[in-house]
Amino acid sequence: GYGVIDSDGRTHSLVAADVIVTSTKKPLAERLLVISQGLRAAIEKYRPDNAAVEGVFHAVNTQTAIKLAHVRGVALLALAEANVPVGEYSPMEVKTSVVGYGRAEKEQVQLMVKTLLALPEVIRSKDASDALAVAVCHAHHRASALNLLRSMTANKFNCFKQVEVNSNLNVV
């Protein structure tokens with residue numbers, strides 16, 4: 001699934017959410033090609049200025065985890081080819097950022113995505129809802145980082161301003 005939002009870090013609005021569907025009867029390489037083409041089309045259509053991908057997690061089924069890692073690689077490659085900066089977050093980071101609890105259930109994530117994006121109903125696809133949760137998590141992290149940078153820059157400016165005032169006082 002993928003999700004696209006507009007955000008200032010505090011308020012978020014839905015732009016798009018969808019799932020790229022492949023046939024389980026096809027070989028993995030063909031399925032990855034379909035996913036790659038779908039992601040490239042979404043990147044071309046929505047032109048994101050940044051993106052985020054959920055990290056690989058330990059799954060009960062090793063084969064599923066490996067296939068998800070392949071899909072994640074396809075997503076990272078498509079974003080890198082489009083020169084889109086990418087953030088990466090663990091499932092626990094995403095859930096903590098969106099729900100406030102790192103071990104939240106998928107249904108809780110869906111409800112919070114609905115609430116945070118002010119949607120009339122939950123996104124039915126858990127994959128698309130998860131993608132939107134990653135996008136919201138990334139928006140929160142980017143906003144925090146920008147605020148920290150602004151704060152540091154303002155403090156540095158004040159420090160230089162203070163040095164300048166002290167220099168002027170010493171000259172007088």
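Residues numbered from 1 in each chain as written. Predicted model: local features only at pLDDT ≥ 70, side-chain atom pairs only at ≥ 80, totals over all residues. Heavy atoms only, no water.

A.B. asks: How would you summarise the overall build of the protein chain if you had to cite specific residues and measurements?
C.D. replies: Along the backbone of the protein chain there are five helices and four strands. Ordered by position from N to C terminus, the α and β elements of the protein chain give β-β-α-β-α-β-α-α-α. In the protein chain, which comprises 172 residues, the share counted as buried stands at 30%. Expressed as a percentage of contacts within the protein chain between residues at least 6 apart in sequence, the contacts between residues at least 24 apart total 58%. (Helix = DSSP H or I, 4+ residues; strand = E, 2+ residues; numbered from the N terminus. Buried < 20%, exposed > 50% of the residue type's maximum accessible area, 1.4 Å probe, protein only. Contact = heavy atoms within 4.5 Å.)

A.B. asks: Please provide a residue-by-residue account of the packing of helix H1 (residues 28-46) against helix H2 (residues 62-81), values included.
C.D. replies: Remark: H1 packs on H2, axes separated minimally by 9 Å, with the N-to-C direction vectors making an angle of 35°. Handedness of the crossing formed by H1 with H2: right-handed. Between H1 and H2, the contacting residues are Leu-28, Leu-32, Ile-35, Ser-36, Leu-39, Arg-40 and Ile-43 on the first element and Lys-67, His-70, Val-71, Val-74, Ala-75, Leu-77, Ala-78, Leu-79 and Glu-81 on the second. For the contact of H1 with H2, the residue count by class is 11 nonpolar, two polar and three charged. (Axes fitted to C-alpha atoms, helices over the stretch in contact; angles between N-to-C directions. Left-handed = near helix turned anticlockwise from the far one by under 90°. Nonpolar A, V, L, I, M, F, W, Y, C, P; charged D, E, K, R; others polar.)

A.B. asks: Let's hear about the side chain of Gln-110: which residues, and what values?
C.D. replies: If you trace the backbone, Gln-110 turns up in helix H4 (residues 106-116). Note on Gln-110: relative accessible area 8%, which makes it buried. From its side chain, Gln-110 meets the backbone oxygen of Arg-124 in a polar contact 3.5 Å long. The residues touching Gln-110, leaving out its near neighbours within four places in the chain, are Val-122, Ile-123, Arg-124, Ser-125, Lys-126 and Ser-129. (Polar contact = N/O pair within 3.5 Å; in protein donor to acceptor, adjacent residues only side chain to side chain.)

A.B. asks: Give a detailed account of the pairing of strand E4 (residues 86-89), specifying residues and quantitative values.
C.D. replies: Taking every second residue as pointing to the same face, the buried face of E4 carries Gly-87 and Tyr-89, while none of Val-86 and Glu-88 on the other face is buried. With four bridges connecting them, strand E3 (residues 51-54) and E4 associate as parallel partners. Looking at E4, one finds that Ala-52 is bridged to Gly-87. (Pairing = 2+ DSSP bridges.)

So yeah, pure geometry; function would need other evidence.
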